[in-house]
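Each chain, written out:
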Amino acid sequence: MSPTDFPLAADASTDNPLLSRLQRDIEAAGGWLGFDAFMAAALYTPGLGYYANDSRKFGTLPGSGSDFVTAPEMSPLFGQALAKQLAQALEATGTDELWEFGAGSGALALQLLTALGERVRRYTIVDLSGSLRERQRQALAAFGDRVHWATELPDRFSGVVVGNEVLDAMPVQLLARVGGAWHERGVAVQQGQLVWADRPTELRPPLDIEGPHDYLTEIHPQGEAFVRTLSDHLERGAIFLIDYGFGESEYYHPQRHMGTVMCHRGHRADSDPLADPGLKDITAHVNFTGIALAAQESGLDVLGYTTQAHFLINCGLLELMPADDLGLRSMTLKLITEHEMGEFFKVIALGRGADWQPLGFARGDRTHRL
């Protein structure tokens, strides 16, 4: 094992206390930390990680101090359209509870609770961020004790689960084919700075990558484990996961040789997760084939898979758009236009205990392409 010949990143200065913490972690691990462990520390270290500190994160404008915007902040019609699908799911599965993972600013919960009304007896949020939980409490105060927060799942539960941009924030392992040999890419320290470092591995992507060229990609054991965990606890209900990503053949296409890990800060994207850890978001695209296989292997049914555009249109988004509010129409159209979020984001639905067809996949279902 030796540091690879990449530019040095991130000087461990006193300006960022997480850097010193990461250096100690790397030293304790023998001088090398897998990228999944690094990503977990950068995002979730209590008080220091990106999702564990008090930075604003969610918002529509850089001037607000936010780093990125998600669909519920972009348009309230996102939640209203999704609510139509969830209403059908609650009825079809005979349940009255919603569970949301990674509720962010609370915007989606507010939209869903408002739209669904008394159909939802209990709304439970699972979020690792203490600062975000406080924002959610403020946003949802009007709903009183119908809203709850949990740190773990009960042994068994029935209900409908929602996760919008949750899978992309789950740590991934990096695999690099260099000179024809596969390595796991991790992080080391050199001259007081974080650097990339590779070590040989038996791990492989789920598909063979054609060609002899160097190739960087990710595998997603934690995201797939998340789905298996939901399956272990879900007695009856449905799961809707919305995120950016691809099916397996597209994810591991020979031309996609630079991987998908990206960072977001101040509404700008960069590809250097070693710089300023804890101060920006780190994400990776989702391999939806892996999610579907993990679901099926754990006993869940795959109810549908399609683009966000098809899903929202099937759920009546266009009918919800007002004719006289050009600003709202413009923001809402970004949810479904191909060059914005419409094609880039996908929706997968999983279920157990009921035989039904979700309306969000009535047209444009791509399950056969997973």
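Residues numbered from 1 in each chain as written. Predicted model: local features only at pLDDT ≥ 70, side-chain atom pairs only at ≥ 80, totals over all residues. Heavy atoms only, no water.

Q: What should I look at first to understand the packing of helix 7 (residues 221-233) against helix 9 (residues 288-297) in this one?
A: The angle between the axes and the distance between the axes are what describe a pair of packed helices. The contact between helix 7 and helix 9 brings their axes to 9 Å, and the two run at 35 degrees. Handedness of the crossing formed by helix 7 with helix 9: right-handed. Each of G223, E224, V227 and R228 in helix 7 lies in contact with helix 9, whose residues at this interface are G290, I291, A294, A295 and E297. Taken together, the residues of the contact of helix 7 with helix 9 break down into 4 nonpolar, 2 polar and 3 charged. (Axes fitted to C-alpha atoms, helices over the stretch in contact; angles between N-to-C directions. Helix = DSSP H or I, 4+ residues; strand = E, 2+ residues; numbered from the N terminus. Left-handed = near helix turned anticlockwise from the far one by under 90°. Contact = heavy atoms within 4.5 Å. Nonpolar A, V, L, I, M, F, W, Y, C, P; charged D, E, K, R; others polar.)

Q: When you look at the nonpolar core in this model, what are you seeing that I'm missing?
A: As a rule of thumb, soluble globular proteins bury nonpolar side chains together. Ranked by internal contacts, the top residues of the largest apolar core, which has 46 residues, are L82, L86, Y123 and F240. At the level of secondary structure, the elements contributing two or more residues to this core comprise helix 3 (71-74), helix 4 (77-93), helix 5 (107-116), strand 7 (122-126), strand 9 (157-164), strand 14 (234-246), helix 10 (308-314) and strand 20 (345-352). By residue number, the principal contributor to this core is helix 4, which donates 9 residues. Core analysis: the next-biggest nonpolar cluster, separate from the first, contains 29 residues, Y50, F58, L216 and C263 among them. (Core = buried A, V, L, I, M, F, W, Y, C linked by side-chain atoms within 4.5 Å. Buried < 20%, exposed > 50% of the residue type's maximum accessible area, 1.4 Å probe, protein only.)

Q: Sorry if this is basic, but what is going on with the pattern of salt bridges here?
A: When the charged atoms of two side chains lie near each other, side chains of opposite charge can form a pair. What the rule picks out here adds up to 9 salt bridges. Put simply, D198 and R185 hold a salt bridge, and the shortest N to O gap is 2.7 Å. Placement of the pair is D198 in strand 12 (residues 193-200) and R185 in strand 11 (residues 181-190), with a sequence separation of 13 residues. Given a relative accessible area of 8%, D198 falls into the buried group. (Salt bridge = Lys/Arg side-chain N within 4 Å of Asp/Glu carboxyl O.)

Q: Quick question: what am I supposed to make of the environment of H257 here?
A: By the element assignment, H257 lies in the loop between helix 8 (248-251) and strand 15 (262-265). A relative accessible area of 35% means that H257 is categorised as partly exposed. Here the alpha-carbon distance between H257 and F288, two residues 31 residues apart in the chain, equals 18 Å. H257 has contacts with H213, D214, Y215 and L216, leaving out every residue within four places of it along the chain.

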